[in-house]
Amino acid sequence: MSTAPIAPHPVTISFDKFWSWLEAHPNCILRAGTPDAVLFDDEDLHWHFAPAEDGQRIVQLLRGKRLLGELVVAPSAISYVQGAPGESDEEFIFDLFGEVQTRHDALYQFVLSHGFDEADEPKGRRWEH
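The following refers to the structure shown.

Moving on to the pattern of salt bridges. The final tally for this structure, using the stated rule, is two salt bridges. Notably, a salt bridge pairs Arg-31 with Glu-91, separated by 3.4 Å at the nearest N-O pair. Here Glu-91 lies in the loop between strand 7 (80-85) and strand 8 (92-100) and Arg-31 lies in strand 2 (residues 29-33), a separation of 60 residues in the sequence. Judged by its relative accessible area of 15%, Glu-91 falls in the buried class. Among the ionic pairs, Arg-63 bridges to Asp-44, the shortest N-O distance being 2.9 Å. In this pair, Arg-63 is assigned in strand 5 (residues 57-63) and Asp-44 in the loop between strand 3 (38-40) and strand 4 (46-51), connecting sequence segments 19 residues apart. On the accessibility criterion, Asp-44 (40% relative accessible area) is partly exposed.

Okay, structure coming up:
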């Protein structure tokens, strides 16, 4: 595992770089959602990632094999991802911004237990925290 410090300050990254990193950190997700709905993590739940046939990305929250909720993320709608420390030292918020009628609004939000670390590339395996 990398010894480089995890970014405690705001970062702006591309959607592809963020998504690749996020898929390697499913156990670090605390909650994920849109302005309309939020999925919360719990000890007996797990996150699953899957691509959709039309290029969209699916994030599912499961208990065992039972689907509790899912987000469908449209990469083409995302302009950039901005991450910043949350209200506590134990959360880092990633807002996925897209252009909506000439305004940039957060279309999705992922809250993780730590920030983005560019040196923390999975290199073909999944990290467990």
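Read on for the rest.
A few words now on the sheet that holds strand 5. Read from one edge of the open sheet, three strands run 4-5-6, paired in antiparallel fashion. Of all strands in the sheet, those bounded by a partner on one side alone are strand 4 and strand 6 (66-73). Taking the axes of each pair of neighbouring strands and ignoring which way they run, one obtains an average angle of 25° across the sheet. By the bridge criterion, six bridges tie strand 4 to strand 5 in an arrangement that is antiparallel. Opposite Ala-50, over in strand 5, you have Ile-58 as the bridge partner. Across the sheet, helix 1 (residues 15-23) is in contact with strand 4, strand 5 and strand 6; its angle to strand 5 comes to roughly 25°.

Scoring rules and cut-offs
- Residues numbered from 1 in each chain as written.
- Predicted model: local features only at pLDDT ≥ 70, side-chain atom pairs only at ≥ 80, totals over all residues.
- Heavy atoms only, no water.
- Salt bridge = Lys/Arg side-chain N within 4 Å of Asp/Glu carboxyl O.
- Helix = DSSP H or I, 4+ residues; strand = E, 2+ residues; numbered from the N terminus.
- Buried < 20%, exposed > 50% of the residue type's maximum accessible area, 1.4 Å probe, protein only.
- Pairing = 2+ DSSP bridges.
- Axes fitted to C-alpha atoms, helices over the stretch in contact; angles between N-to-C directions.
- Contact = heavy atoms within 4.5 Å.

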